[in-house]
Structures are given as C-alpha cells and as structure tokens.
Amino acid sequence: MLVVQKYGGSSVATLERIRHCAARCLATAAQGHRLVVVVSAMAGETNRLIALANALVQPGDAPQASRGPYVAPAKRTPEHERELDQLVATGEGQSAALLAMAIQDAGGRALSLVGAQLGLLTDRSHGRARILGIDAARMQRELDDGAIVVCAGFQGTDDRGDVTTLGRGGSDTSAVALAAALRADVCEILTDVDGVYTTDPRVVPTARKIDRLSFEEMLELAGQGAKVLQIRSVELAMRHGVCLHVRTSFDDRPGTMIVPEEPQMESVQVSGVALERNEGKITLTGVPDVPGVVATIFRIMAELGIVVDMIIQNTGAGGRTDVTFTVPEAELDRAAAALAGQTMGGEVPSLSTDREICKISIVGLGMRTHAGVAAKAFALLAAESINVQMVSTSEIKISVVVHERYGELALRVLHDGFGLGVAP
Ligand code: ADP
Ligand code: ASP
Ligand code: MG
C-alpha cells in the first residue's frame, strides 16, 4: 500500500514527540507500506512567526494568536504578503527536517522536501494559495529508492518559483493533494484527538467520537468551525475519492473514516455541531431599497477578496432597507473601512460593526428527510433565553448567529438537546 500520513502541530510539538512520530513512520514502513509523510510546524510556531512579522510592521501591536486566515497588519502590502509566506513556510521546513533526521537516527531511510522540491504548484494568492497541479516525479523516485519522504505541509510554489502557503490548517490540504496525486490507498490525518467528534471535545466534554462520517457532513462541519480538518482538504478528498482517516498520533486506536455517503447515514438527524468564533457582523441601515445597491456592497467585498458568509436583507419600508452580513473577524475592519462613506443608491447609509458574535451550526444528512429540526433547535435556544440574531440554512445544515457570550452554552444545549452526547 501507499500511505500518506499527516502529523499536525501538536504531534510534532517537541523533540520527544518527533521521535515518537519517527517510530510510528518506521512501524508503518515495516509493514511493507510505501510512506509519504506531511508535517505541520511545531505547535505554536506558525503563530509565533506571524506575531514576529506583525510586531515588525506595526510595533506596539499585541501579537495575536488567532486561527483566522492570517492576522496580518492592516498595513500589509503585496510585498509583505510574499515575505510572510517565505517566513511562515519555514515552520514546516523545520519539522520536516527534524522528522527526517529522527527517522534516520532510528535506522530508517528518509529525506525531507520543502518549497519547490515538493513539486506542488499553486496560484499566486499568498496566504491562501490554491493548488494547480503536482509534479510528483521526485517523490516517486525517492519512494522507489526505498525512502520515507517527509514533506513540509502548508506550502507550495507559484509559477515564478515563489513560496506560497495554503491558509491556516493547510497541511491537511497538502496531505490530501499528495495522496490524490500519488493515488495513495489512504490518507491518515494524525492529530491530538482520536477522531472527529460530534463537536469539539475540548469545549463539550460529552462529545462522542464518530466512527464513519460522510464527506458532505465533514465539509459542512469543517466549513462551520470544526478545525480538526481544513475545509479545502475535505473538498479535495471528496473530489478525488481520497480515503481519509482522522486518528490520534498518540496511540494505535482507529479513528474516524470520512467516506462517501452510505444509505443508513440519513437516519441520523444531526451528526455534529460546530462553533465558529472568528466572525464579525456589518450592518448597513437606511440603505435605499433600489436595484443594484446590494450588488455594490458585495462587489466591494469581492474586490477586496473578502468572503462574505451569511447575508440578511430586511423587507424594505419607506423605500429603505437594512442589510446585515458576516465576514471573517480578521477582515472586519478592512471590510468596514471600504464600505464606510460609500454612496449607495444616491445616499450614504450608516454602518455599524459587531465583533461580539459567533456562529453555531448543526449538521446532518438526516435533515433532508426529517422535518422539525429547525423548530427543535430554536426551542432549545429559547429555553436558555439565547437570542438568535441571524439564521441561514442549507440542505444539511442550520446555522445561527448569537452573542459571543452565549456561544459555548448554545453549542452544549444543541449538542445535548439533539442527543449527541454521552454521559460524562
Ligand atoms: P493539528 O495540529 O493536528 O492539525 P488541530 O488543532 O488543527 O490539530 O485540530 C485538532 C483540534 O480540533 C482538536 O484538538 C479539537 O480541539 C478541535 N476540534 C474542533 N472540532 C472538532 C471535532 N468535531 N472533532 C474533533 N476535534 C475537533
Ligand atoms: N502550521 C500551519 C498552521 O498553523 C499549517 C497547519 O498546521 O496545517 O496553520
Ligand atoms: Mg490542523
């Protein structure tokens, strides 16, 4: 078999952990498998590097350790973004070299590949680059030579040969992309939890491990804040039929298999619940209720490359209406600055922002066939006097925005209310 194993930041957080990963790699190779390993930076390293850059560009700014796309300074320029990628990609380079050395020290054959050596071609969007293609020739050669190939995750190079990165959590996507290109039999995501849970087990202690989960549900959960997998890795795995196994690097227990939908999966109303804290809300009031105004707002957002999530437009009254939408919290100031003072339909609407919000989403294939899931969710929230500010739905998901103060409570109430928990 050809196996791709991805070790996340906490799995390579210390030299002792790196030695442990090396032993696991050797055990996999000893079973006769060809092995490609993808590593993240040591836990905290990416945040440390970003904070260094921020402190340099904006002295006095408190270093932020968020998991947004990038908590880059407002003053960023395209040149800065290029250098930021050069900088943060070194985190994965360190752990790749260290793991390769640890495998060699334990008697195995290994070599690390970083940056252009990986053959992973991306577009030029620094900080959120998309993979365009993979030239796996070098990797194949090394595998044929009997080596364990240790790849630095999170990075690729563009057509100019410049280093790009794939967005926070991007090593998951590196691993799936390599698994697809090499036609690996399985892509194992080795992390600090023993699988995908019904919700983040660090926030809700009653969360339960899921044995099998559909790509569609994982896609929604990852997109709604379950950071156990980067959403793009799930998209890629689904598109290329990569068999994904999320499991712990700490022991040999099987974890969660992410698989194509199976018939019995629809019998479960809700499979998981996710909390997204890093969202911010913008409200424009007194917007003239004429065609083209909403188009103007979202054209401005699109030009800035800001992804808009939920959108609400109220019924107009007296020729005016209100528009509320959410964006990643890290982009809130940029979005608000671009809209403030803009003339829309001949007038300048007033604008307010709110970063004290969060989004809770419930996800399940069963929502397609079960009525009353939304009614039950709202009743559960109402029973705790939690006010719902915004709602959006898809075929297999319901998301609500609530005050940040109630985020964890809402998560617990919905999780346990839909019977997902186990007794603590
Ligand atoms: P890695 O460093 O291995 O990439 P991450 O920190 O990115 O690990 O992802 C693992 C973390 O994801 C877990 O420690 C857990 O707190 C969090 N998490 C959020 N939602 C879930 C979920 N539904 N199931 C499992 N883990 C989750
Ligand atoms: N080190 C990067 C991050 O912290 C990529 C990853 O861990 O997947 O986001
Ligand atoms: Mg991760």
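Given the structure is predicted, the values throughout are model-derived calculations rather than measurements.

Undergrad: Explain the side chain of His 245 here, please?
TA: Inspection of the secondary structure puts His 245 in strand 11 (residues 244-248). Side-chain polar atoms of His 245 contact the backbone nitrogen of Gly 255, separated by 2.9 Å. In this structure His 245 touches Val 186, Cys 187, Glu 188, Ile 189, Pro 254, Gly 255, Thr 256 and Met 257, once residues within four positions along its chain are discounted.

Undergrad: Teacher, can you tell me more about the pairing of strand 1 (residues 2-7) here?
TA: It is a general feature of regular strands that their side chains alternate between the two faces of the sheet. Taking burial as the measure, the six residues of strand 1 include six buried ones, the bulk of the element. Of the two faces of strand 1, the one holding Leu 2, Val 4 and Lys 6 and the one holding Val 3, Gln 5 and Tyr 7 are both buried throughout. For strand 1 and strand 2 (residues 34-39), the ladder comprises six bridges, and the chain directions are parallel. In the strand pairing of strand 2, Val 3 is matched with Leu 35. Crossover strand 1 to strand 2 through helix 1 (residues 15-30) is right-handed. Direction of pairing for strand 1 relative to strand 9 (residues 186-191): parallel, over a ladder of five bridges. Opposite Lys 6, over in strand 9, you have Ile 189 as the bridge partner.

Undergrad: Would you explain helix 11 (residues 407-417) in this entry?
TA: All of the buried residues along helix 11 are Gly 407, Ala 410, Leu 411, Val 413, Leu 414 and His 415. Contacts from the buried residues of helix 11 go to strand 13 (272-288), strand 16 (350-363), helix 10 (373-383) and strand 18 (397-403). Trailing helix 11 by a residue or two, Gly 419 shows a phi angle of about 70°, which is positive.

Undergrad: Explain the state of the cysteines to me, please; I cannot follow it from the model alone.
TA: Such a bond, covalent and formed between the sulfur atoms of two cysteines, is termed a disulfide. For the coordinates displayed, the defined rule picks out zero disulfides. Free cysteine: Cys 151, not disulfide-bonded; nearest cysteine sulfur from Cys 25 at 11 Å. The thiol of Cys 243 is not disulfide-bonded; the next cysteine sulfur, from Cys 187, is found 8.9 Å away. By relative accessible area, Cys 243 is classed as partly exposed at 30%.

Undergrad: Would you mind showing me how to read the packing of helix 5 (residues 171-181) against helix 7 (residues 231-240) here?
TA: What describes two packed helices is the angle between their axes and the distance between those same axes. Across the interface, helix 5 lies against helix 7 with an axial gap of 8 Å and an inter-helix angle of 15°. Considering the angle they form, helix 5 stands roughly parallel to helix 7. Note that helix 5 runs across helix 7; the crossing there is left-handed. Touching Asp 172, Thr 173, Val 176, Ala 177 and Ala 180 of helix 5 are Arg 232, Ser 233, Leu 236, Ala 237 and His 240, all from helix 7. For the contact of helix 5 with helix 7, the per-class residue count stands at five nonpolar, three polar and two charged.

Undergrad: What's the story with the sheet that holds strand 18 in this structure? I'm lost.
TA: In a beta sheet, neighbouring strands are held together by backbone hydrogen bonds and run either parallel or antiparallel to one another. Pairing within the open sheet is antiparallel, and its six strands lie in the order 14-15-13-16-18-17. The open sheet has two edge strands, strand 14 (311-313) and strand 17 (390-394), and neither has a second partner. Neighbouring strand axes in the sheet, compared pairwise and without regard to direction, differ in orientation by 25° on average.

Criteria and cut-off values
- Residues numbered from 1 in each chain as written.
- Chains lettered and ligands numbered in written order.
- Predicted model: local features only at pLDDT ≥ 70, side-chain atom pairs only at ≥ 80, totals over all residues.
- Heavy atoms only, no water.
- Helix = DSSP H or I, 4+ residues; strand = E, 2+ residues; numbered from the N terminus.
- Polar contact = N/O pair within 3.5 Å; in protein donor to acceptor, adjacent residues only side chain to side chain.
- Contact = heavy atoms within 4.5 Å.
- Buried < 20%, exposed > 50% of the residue type's maximum accessible area, 1.4 Å probe, protein only.
- Pairing = 2+ DSSP bridges.
- Right-handed = clockwise from strand over helix to strand, strands pointing away.
- Disulfide = S-S within 2.5 Å.
- Axes fitted to C-alpha atoms, helices over the stretch in contact; angles between N-to-C directions.
- Parallel < 35°, antiparallel > 145°, perpendicular 65-115°, else oblique.
- Left-handed = near helix turned anticlockwise from the far one by under 90°.
- Nonpolar A, V, L, I, M, F, W, Y, C, P; charged D, E, K, R; others polar.

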